[in-house]
Amino acid sequence: MRDPFPIPPIPALSKAVQPWADYFHLPTLPLHIHEIVLIAAFYQLVGSVVSPLLSNRLFPTQYKALSRGKKLSWDVHVVSLVQSTTINILALWVMFVDDERKNMDWQERIWGYTGGAAMIQALAAGYFLWDLIVTASHVHIFGLGMLAHAISALLVYSFGFRPFINYYSCNFILWELSSPFLNIHWFFDKLGKTGSRAQLYNGLMLIFTFFSCRLVWGSYQSVLVARDVWVGVHSKPTVLATLAPEDAANATFPLRYTETMQFVSESSSVPIWLAAIYMGSNLTLNSLNFYWFFKMIDAVRKRFVPKEKEEDVKVDASHDDGKAVTSGAGTTGLSPGLSRRRTILDGEEGDEPPPI
């Protein structure tokens, strides 16, 4: 499948990035760098211009009442909602219409290339590039977890330009199927709809899609990609370009190899460092998914389960020695009436799911 992106590669941009592509062994990057740059610029436009304008017009009271940091979080959630909705639709479309991708064998899943899957990979890389810039610039707001998520996701999708595991770009982007419900849940809170029936139904869909798409589907795809990476580490691709002249005469390959394996050469392989970084990033993302799932369930539960009275700490009324005496059960080490100071590890409010 040819790249269906409506704007063709920009020659000047492709030429500018070519030395970097050669140095880092990313031969398909010049074909898609314009998509990465354009989509990152588009999301910056949405977050810094479109979201503030529409939010001020549609929700003037709520948006103007937010602090500067909260407005940034609002705008980031708007971008996430736009991104997750569009890329899910595009990824599902590519998975259904890209026949070359459907018929890929183990070699093509590791070293193969199709324009449709590469477009999804480029659009995801563009978003995560924007996400990395925003998160790194405001780590005190979004936390180290979101920074780790942005770095890992950008690494995973950038390696696809070798090409490497290009096949799995659509599979893993389907993690984002839960993100629209997550963003809607967040907006319900900010619009004063906390605990409403609509938020309850959305919360149920959020938990269902997060569990099924990220934990079940995501873990299953991680096992499959680990299997293919392991095979790739211990083998070399067998295509016409890698065969000796005496063997090439009698070799037969699927006709689609002329397109899907066009970037394979004698030097193509899966080095140990590449497998380690890729699987390490994948493990980081999966770990964050499990952590966020339980945090998200707690956040949804708090909106619909009445808060129980806290009776963990009992203060003795005796002041004979001028000191208050506590039972010590469930104490946090803080003076009564004081809450723990939040750190950059916390990200957004403790009872809010992360903007992923």
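Right above here is the structure, for reference.
Per-chain numbering applies: the sequence of each chain, read as written, is numbered from 1 onward. Where local features are concerned, this predicted model is filtered to residues with pLDDT of at least 70; where side-chain atom pairs are given and counted, the filter is 80 or more; whole-chain, interface and lining totals use all residues. Side-chain figures throughout are based on the complete set of non-hydrogen atoms in the structure, without hydrogens or water.

Participant: Which residues make up the overall build of the chain, and what values do they have?
Facilitator: Along the chain, the regular secondary structure elements total 14 helices and two strands. The buried share of the chain, taken over its 356 residues, is 45%. When contacts within the chain are restricted to residue pairs at least 6 apart in sequence, those whose partners lie at least 24 apart make up 79%. Where helices and strands are cited, they refer to DSSP runs of H or I of at least four residues and of E of at least two residues respectively, numbered from the N terminus. For every residue, the accessible area obtained with a 1.4 Å probe (protein chains only) is divided by the maximum for its type, and the residue is called buried under 20%, exposed over 50%, and partly exposed between those limits. Contacts are assigned to residue pairs that have any heavy atoms within 4.5 Å of one another.

Participant: An account of the nonpolar core is needed here, citing residue identities and associated values.
Facilitator: By size, the foremost hydrophobic cluster in this structure holds 74 residues, and its most contacted members are Leu 29, Trp 130, Tyr 157, Phe 164 and Tyr 278. Per element, the largest residue contribution to this core is ten residues, and it comes from helix α7 (residues 115-137). When near neighbours in sequence (up to four residues on either side) are disregarded, Leu 29 contacts Val 17, Ala 21, Ile 36 and Phe 161. Each nonpolar core is a collection of buried residues, namely Ala, Val, Leu, Ile, Met, Phe, Trp, Tyr and Cys, held together in the definition by side-chain atoms within 4.5 Å.

Participant: Break down the side chain of Thr 260 for me, with residues and values.
Facilitator: Structurally, Thr 260 is set in helix α13 (residues 257-260). Thr 260 gets classed as buried once you look at its relative accessible area, which sits at 0%.

Participant: An account of the packing of helix α1 (residues 11-23) against helix α2 (residues 29-58) is needed here, citing residue identities and associated values.
Facilitator: Here α1 crosses α2 at 115 degrees, and the two axes come no closer than 8 Å. Classified by chirality, the crossing of α2 by α1 is right-handed. Along its contact with α1, which presents Leu 13, Ser 14, Val 17, Gln 18 and Ala 21, the element α2 presents Leu 29, Pro 30, Ile 33, His 34 and Val 37. Axes, fitted as lines to C-alpha atoms, cover a helix only where it is in contact. Angles between the N-to-C directions of the axes lie from 0 to 180 degrees. Two helices that cross are described as forming a left-handed crossing if the nearer one is turned anticlockwise from the farther one by less than a right angle, and a right-handed crossing if clockwise.

Participant: Run through the pattern of salt bridges, naming residues and quoting values.
Facilitator: Pairing is possible between side chains of opposite charge, provided their charged atoms come close. By definition, a salt bridge exists where a carboxyl oxygen of Asp or Glu is found within 4 Å of a side-chain nitrogen of Lys or Arg. Counted under the stated rule, the structure contains six salt bridges. Here Glu 108 ties to Arg 256 by a salt bridge, and the two come within 2.9 Å at their closest N and O atoms. Here Arg 256 lies in the loop between α12 (245-248) and α13 and Glu 108 lies in helix α6 (residues 106-111), a separation of 148 residues in the sequence. The class for Glu 108 is buried, based on a relative accessible area of 0%.

Participant: Could you give an account of the packing of aromatic side chains, with specific residues and numbers?
Facilitator: Only centres within 6.5 Å qualify two rings of Phe, Tyr or Trp (six-membered ring in Trp) as a pair; their planes then separate them into stacked at under 30 degrees, edge-to-face at over 60, and tilted for everything else. One pass over the structure, following the stated rule, counts 23 aromatic pairs. Residues Phe 164 and Tyr 278 carry aromatic rings whose centres are separated by 5.4 Å and whose planes lie at 85 degrees to one another, so their mutual orientation is edge-to-face. With Phe 164 in the loop between α8 (139-158) and α9 (169-173) and Tyr 278 in helix α14 (residues 272-304), the pair connects residues that are 114 residues apart, well separated along the chain. Looking at Tyr 278, the relative accessible area reads 3%, which means it is buried. Judged by centre distance (5.6 Å) and plane angle (70 degrees), the rings of Phe 293 and Phe 294 are edge-to-face. Residue classification places Phe 293 among the buried residues on the basis of a relative accessible area of 8%. Look at NZ for Lys and CZ for Arg. If either is within 6 Å of the ring centre and within 35 degrees of the ring normal, a charge sits over the ring. Here Arg 101 stacks its cationic end above the ring of Tyr 167, 4.3 Å away from the centre of that ring. Lying across the ring of Trp 186, Lys 190 places its NZ or CZ 4.5 Å from the centre.

What is shown is where atoms sit, not what they do.
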